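Single-letter residue listing:
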Amino acid sequence: MRLTETYERAQAEFDRRVRRIGDGQWSAPTPCTEWSVRELVNHLTAEQLWAPHLLRGETLAEVGDRYDGDVLGEDPVAVWERAARDAREAFAAPGALDGTVHTSGGLTPAEEYARQMTLDLTVHAWDLARGIAADDRLDRDVAASVYEFVEPQIEGWQDLGIFDPPVEVAGDAPVQDRLVALLGRDPAW
């Protein structure tokens, strides 16, 4: 599967859950204990808003603080949809994954950035599903691709405090359970 296809499928997983959020669910907790459903959607929406800028070569300073705070406003689903569409188009643009992008970790290959964005969309699709009591099954191919990307790097990321420590699951557990557990989530949450 091409990287852009994996990204698009991961984004579709998150999108499907955003569209299922009920009016009374925006303040519900998620497995990301520091974020409610709204805060989780806000985080992913802001990431999607950043993507077109970064893929065009803009620096963090050039983008500035325009996506700090609440980006969702009064119509969070519409803002998410617009941000997701613009990010998808930016990632699909010819040559978008050929260069580097400016991130908080320094200059990063655009392909690495796309994998990180795919990871975030995938794990947070699961978090969002759990937060709104929706179907949490992830696209198996996407989950497998993300697991293969994350597994060799998890120790370094643990040292940075990006994810909680891994949760123990059986070695023969489904790839989705192994993925969320590797990223510090209890598959039974």
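On a predicted model such as this, the values are computed, not experimentally measured, just so you know. (Residues numbered from 1 in each chain as written. Predicted model: local features only at pLDDT ≥ 70, side-chain atom pairs only at ≥ 80, totals over all residues. Heavy atoms only, no water.)

Where helix 6 (residues 140-150) meets helix 8 (residues 175-182), the axes come as close as 9 Å, and the angle between the chain directions of the two elements is 40 degrees. Here helix 6 lies oblique to helix 8, going by the angle between them. With respect to the hand of their crossing, helix 6 and helix 8 are arranged in left-handed fashion. Side by side, helix 6 and helix 8 meet where Arg140, Ala143, Ala144, Val146, Tyr147 and Val150 of the first sit next to Val175, Gln176, Arg178, Leu179 and Leu182 of the second. Taken together, the residues of the contact of helix 6 with helix 8 sort by class into eight nonpolar, one polar and two charged. (Axes fitted to C-alpha atoms, helices over the stretch in contact; angles between N-to-C directions. Helix = DSSP H or I, 4+ residues; strand = E, 2+ residues; numbered from the N terminus. Parallel < 35°, antiparallel > 145°, perpendicular 65-115°, else oblique. Left-handed = near helix turned anticlockwise from the far one by under 90°. Contact = heavy atoms within 4.5 Å. Nonpolar A, V, L, I, M, F, W, Y, C, P; charged D, E, K, R; others polar.)

This brings us to the environment of Val180. For Val180, the location among the structural elements is in helix 8. When the C-alpha atoms of Val180 and Glu168 are compared, they prove to be 10 Å apart, with 12 residues separating the residues in sequence. Apart from residues lying up to four places away in sequence, Val180 is in contact with Trp126, Arg185 and Pro187.

Any link to function would need more than the numbers given here.
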